Amino acid sequence: MPRLLWVPPEQYDLARTLRVLRHGRSEPACRREADGTWWRTCRTPQGPVTLKITEHVSPADGTVIAGDAWGPGAAWALETLPALLGADDDPAALIPRHRIVAQAHRRHAGLRLPRTGLVMESLVPTVLEQRITTGSAHYAWRRLLTRYGEPPLGPAPAGMRVMPPPQVWRMIPSLEWHRAGVDRARATAILRACQHAPRLEEAAAMLLPAAAARLQLIPGIGSWTAAETLQRALGAPDALTLGDLHLPMQIGYALTGRRDGTDELMLQLLAPYTGQRHRAARLILLSGPLPNRRAHRAPHSRIAHL
């Protein structure tokens, strides 16, 4: 069983760093156990892998994070593990320009932006989250992965699955998309992406503008989906999400007290953080005063009964 040990910086928060990779508490491909152990399955360029991430703290050695891997993709997963844990991320690149951001930057100094190096594993669940409630998207992702994903290698917790390859996504019957609550537009966008999966995976080695442009060549993938995907695949600190129902209002309220936030206002407020706008937005959401969220106007998409 291959293993890699990584010593994190003095201020490091493993749970907050990896949390963005989980799509719901019952995510079949990413789990956090009660003792703080993280389990992750993914389909690497070398094949499927099961990855176990544990944090060890001792007075003698300080904090050490251990990664254990099983499967054909084990070598790739361990080689890229430091990037997944945020080793390449530089929180000091953000210079706070607002009191709220400065406070959050200090309070959450252990936050790092993870880089998975894998595009499709973030793109598919992000497309599922388009224009619907979070709960409905998580249900669809969990159902499809449970039904069509592969059982993981190694001692992974029960119920975990490895995301299926593009050819399997393309064979899912339309009735199964319907039963998962996925409408034709989102299913079609995923199928189109699967047709060009190798070209989309190349975006993991591109700079943010080129990567976002590559993803948006696929009909049904816009700026919102590209940003949400590349925040994880690239660990991109400037991949600000535009077109979101809640984010502009939350940023506007935290920085100005206004409740009529728009994308335009958010871009103006975050202009001083160009190059770090996604990081600034995350810090604001973690610590800033936020308004009560409006009810989601998108339909609850349990459409299987229709």
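Everything numeric here is computed off the predicted structure, so don't read it as measured data.

Student: Please explain the packing of aromatic side chains as it appears in this structure.
Tutor: Any aromatic ring pair is given by two values, namely how distant the centres are and how the planes are angled relative to each other. Considering all chains together, one arrives at four aromatic pairs under this definition. Between Trp 169 and Trp 177, the aromatic rings sit 6.0 Å apart at their centres with planes inclined by 25 degrees, giving stacked as the arrangement. For Trp 177, a relative accessible area of 4% corresponds to the buried category. Counting every residue linked through ring pairs, the aromatic cluster contains Trp 141, Trp 169 and Trp 177.

Student: Just checking my understanding: could you explain the sheet that holds strand β1 (residues 3-6) for this structure?
Tutor: Sheet strands pair via backbone hydrogen bonds, and the direction of the pair is either parallel or antiparallel. Pairing is antiparallel across the open sheet formed by five strands, whose spatial order is β1-β5-β4-β3-β2. Two strands in the sheet have a free side with no partner beyond their single neighbour: β1 and β2 (30-32). Averaged over all adjacent pairs, the angle separating strand axes in this sheet is 20 degrees, with direction ignored. Of the pairings in the sheet, the one linking β2 to strand β3 (residues 38-44) comprises three bridges and is antiparallel in character. Bridge pairing in β3 places Arg 31 opposite Trp 39.

Student: Can you help me understand the environment of Leu 85 in this one?
Tutor: In this structure, Leu 85 sits in the loop between α3 (81-84) and α4 (99-107). You can call Leu 85 buried: its relative accessible area is 0%. Sequence-wise, Leu 85 and Ile 65 are 20 residues apart; in three dimensions their C-alpha atoms are separated by 9.2 Å. With sequence-adjacent residues up to four places away left out, Leu 85 is seen in contact with Trp 6, Tyr 12, Leu 14, Thr 17, Leu 18, Ile 53, Ile 65 and Arg 112.

Student: What exactly am I supposed to notice about empty space enclosed by the protein here?
Tutor: Which parts of space are left empty comes out when a probe the size of a water molecule is rolled across the atoms. Within the structure shown, the criterion is met by three cavities of 30 Å³ or more. Leu 21, Ala 29, Arg 40, Glu 121 and Trp 141 are the residues nearest the centre of the largest cavity, which is lined by 13 residues in total. Those elements that provide at least two residues to the lining of the largest cavity are β3 and α5 (120-128). Considering each element in turn, the lining of the largest cavity owes the most residues, three residues, to β3. Here the lining of the largest cavity is built from residues that sort into six nonpolar, three polar and four charged. In this structure, the second largest cavity occupies an estimated 70 Å³ of space. Surrounding the second largest cavity, Arg 40, Cys 42, Val 49, Leu 51, Trp 76, Ala 77, Thr 80, Leu 81, Leu 84, Thr 116 and Leu 118 form its lining.

Student: Can you walk me through the packing of α5 against helix α9 (residues 184-195) in this structure?
Tutor: Between two packed helices, the angle of one axis relative to the other and the distance separating the axes together describe the packing. It is the contact of α5 with α9, at a shortest axis distance of 9 Å, that shows an interaxial angle of 165 degrees. Comparing the axis directions of α5 and α9 gives the class roughly antiparallel. In this structure, α5 crosses over α9, and the sense of that crossing is right-handed. Here Met 120, Leu 123, Val 124, Val 127 and Leu 128 of α5 come into contact with α9, specifically with Arg 186, Ala 189, Ile 190, Ala 193 and Cys 194. In the contact of α5 with α9, the residues fall into nine nonpolar, no polar and one charged.

Student: Looking at this model, I keep getting lost on helix α11 (residues 208-215). Mind explaining?
Tutor: Since the α-helix advances by 3.6 residues per turn, residues separated by three or four positions end up pointing in the same direction. Three or more residues of α11 are buried, namely Ala 211, Ala 212, Arg 214 and Leu 215. Buried residues of α11, seen end-on, are gathered within an arc of 160 degrees and therefore sit on one face of the element. Each element contacted by the buried residues of α11 is listed here: α5, α10 (197-201) and α12 (223-233).

Criteria and cut-off values
Residues numbered from 1 in each chain as written. Predicted model: local features only at pLDDT ≥ 70, side-chain atom pairs only at ≥ 80, totals over all residues. Heavy atoms only, no water. Phe/Tyr/Trp six-rings, centres within 6.5 Å; stacked < 30°, edge-to-face > 60°. Buried < 20%, exposed > 50% of the residue type's maximum accessible area, 1.4 Å probe, protein only. Pairing = 2+ DSSP bridges. Helix = DSSP H or I, 4+ residues; strand = E, 2+ residues; numbered from the N terminus. Axes fitted to C-alpha atoms, helices over the stretch in contact; angles between N-to-C directions. Contact = heavy atoms within 4.5 Å. 1 Å grid on protein atoms, 1.4 Å probe; cavity = no way out; pocket = protein on both sides within 12 Å on 5 of 7 lines; lining within 4 Å. Points joined across faces, edges and corners; volume = space filled by probe spheres on them. Nonpolar A, V, L, I, M, F, W, Y, C, P; charged D, E, K, R; others polar. Parallel < 35°, antiparallel > 145°, perpendicular 65-115°, else oblique. Left-handed = near helix turned anticlockwise from the far one by under 90°. Arc of directions from axis to C-beta.

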